[in-house]
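The residues making up each chain are set out below.
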Amino acid sequence: MLPAGSGTAPALRGLSRFAEARGVPAGREFLLDYDVIEAFCVAGLAGRACSTRGTYRSALYRLAMAAQGPPGQRATPFPGSRAPAPYSPAERAELAALAAAQHDAARCSPALALVVFGIGAGLRPGELVALRGDDVIRHGRQAAVHVGGPAARLVPVTPDYAGRARELARRAGSGFVFRPGPAGRGYKNFVSNFTRSLTADPAAPRLSLRRARATFICHHLAVGTPVPVLLAITGIAEAGSLARYARHLAGVSSSKGALRARWRAERTR
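Presented here is a report on the structure given in the accompanying data block.

The rules behind the values
Residues numbered from 1 in each chain as written. Predicted model: local features only at pLDDT ≥ 70, side-chain atom pairs only at ≥ 80, totals over all residues. Heavy atoms only, no water. Pairing = 2+ DSSP bridges. Helix = DSSP H or I, 4+ residues; strand = E, 2+ residues; numbered from the N terminus. Expected span 1.5 Å × (residues − 1). Buried < 20%, exposed > 50% of the residue type's maximum accessible area, 1.4 Å probe, protein only. Contact = heavy atoms within 4.5 Å. Phe/Tyr/Trp six-rings, centres within 6.5 Å; stacked < 30°, edge-to-face > 60°. Axes fitted to C-alpha atoms, helices over the stretch in contact; angles between N-to-C directions. Salt bridge = Lys/Arg side-chain N within 4 Å of Asp/Glu carboxyl O. Core = buried A, V, L, I, M, F, W, Y, C linked by side-chain atoms within 4.5 Å.

Right, let's talk about the pairing of strand E1 (residues 136-139) for a bit. Judged from the 4 bridges that link them, E1 and strand E2 (residues 142-147) form a sheet pairing that is antiparallel. Its bridge partner being in E2, Ile137 is matched across the sheet by Ala144. Connecting E1 to the next strand, E2, in antiparallel fashion are 2 residues, including Gly140 with a positive phi near 60°.

The following block contains the structure:
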């Protein structure tokens, strides 16, 4: 339980909602990270009065100092939970084949949408569930996804998946891309329950949106996408949160400090 003195409760509630929406791991050591607080005050409070943003920052910094020491002298936080491993190229091919092999369109198209917009755009479950055909921007052979909600952003679809993204969007029109039609889309396990119902060889990789998103993020880390750009297209709040994905990659530093240094250097270019 985080301490909440007078005036700090609204700031803590706002910070918690912001951190959850941006994929910051749960835990006091992550929530009260100075970089997360700064991201919240700059991006999460955009449009609020300067006085409000200053008040929130001061209140949250007091809590962070009590928990972690002054800025620049923080204790190293405990590592977050390990991100799921990305799919290998062979597994990605198997998943595309699995989607195509479903016995009816009611399963085939949603399974393909999960592969395409999970691996190709890194969407979270709630973002995939809310995605409509009109949210996919088609330009020549390229495609991008306009993601709404708390982590609103524009995500360029990885080229290998852009053609299928355009086709799925064309079929959906203004309707939902994933499992179109009436459904209780606010249900927490809406996506995972669907994946468990798919027909698949027991030896085939399990279709998981968490692994699909990890594959998207690891791909961009591997090809050297600038950290500020990667944060923008994934909706992740701060560079240190990428460390849990970088651990799966040879040749990419999984140090939070190194990733934050990259972010500071690259955002000024």
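Turning our attention to helix H1 (residues 9-21). With 13 residues, H1 should reach 18 Å at 1.5 Å per residue; the first-to-last C-alpha distance of 18 Å fits that figure. Taken together, the buried positions of H1 are Ala11, Leu12, Gly14, Leu15, Phe18, Ala19 and Ala21. Against the buried residues of H1 lie helix H2 (28-31), helix H3 (34-44) and helix H4 (50-68). Positive backbone phi, at 85°, marks Gly23, one or two positions downstream of H1.

What follows concerns the pairing of E2. The pairing of E2 with strand E3 (residues 153-156) spans 4 bridges and is antiparallel. Counted as the bridge partner of His146 is Leu154 from E3. Connecting E2 to the next strand, E3, in antiparallel fashion are 5 residues, including Gly149 with a positive phi near 85°.

As a further point, take the packing of aromatic side chains. For the structure shown, the criterion picks out 2 aromatic pairs. Where Phe18 meets Phe40, the ring centres are 5.7 Å apart and the plane angle is 55°; that geometry is what we call tilted. Residue Phe18 is located in helix H1, and its partner Phe40 is located in helix H3; the two are separated by 22 residues in the primary sequence. Judged by centre distance (6.4 Å) and plane angle (20°), the ring pair of Phe40 and Tyr56 falls under stacked. Residue Phe40 is located in helix H3, and its partner Tyr56 is located in helix H4; the two are separated by 16 residues in the primary sequence.

Relative to the assigned elements, Leu131 resides in the loop between helix H7 (125-130) and E1. Contacts of Leu131, omitting those with residues within four sequence positions, involve Phe117, Leu123, Val136, Val145, Gly175, Phe176, Val177 and Phe178.

The next thing to look at is the sheet that holds E3. If you walk across this open sheet you meet the 3 strands as E1-E2-E3, and the pairing is antiparallel. Bordering the open sheet on either side are E1 and E3, each of which pairs with just one other strand. The average angle at which neighbouring strand axes cross in this sheet is 25°, direction not considered.

Two side chains bearing opposite charge may form a pair once their charged atoms approach each other closely. A full pass over the atoms with the stated rule returns 9 salt bridges. Residues Asp33 and Arg260 are paired through a salt bridge, measuring 2.9 Å at the closest nitrogen-oxygen approach. With Asp33 in the loop between H2 and H3 and Arg260 in helix H13 (residues 256-266), this pair connects stretches of sequence that are 227 residues apart. Here the two residues Asp33 and Arg260 agree in accessibility, since each one is buried. Residue Arg124 pairs with Glu127 through a salt bridge whose shortest N-O separation is 3.2 Å. Across this residue pair, the class does not change: Arg124 and Glu127 are buried. Through salt bridges with shared partners, one network takes in Asp33, Glu238 and Arg260.

Counting residues in hydrophobic clusters, the biggest one holds 57 residues, and the most contacted among them are Phe117, Val145, Phe178, Ile217, Leu221, Leu242 and Tyr245. Ranked by the residues each element gives to this core, the list is headed by helix H6 (residues 105-119), at 8 residues. The contacts of Leu242, once residues within four sequence positions are left out, are Ile217, Leu221, Val227, Leu230, Leu231, Ile236 and Leu259. Counting residues in each nonpolar core, the second largest holds 21 residues, with Leu12, Leu15, Phe18 and Ala19 among its members.

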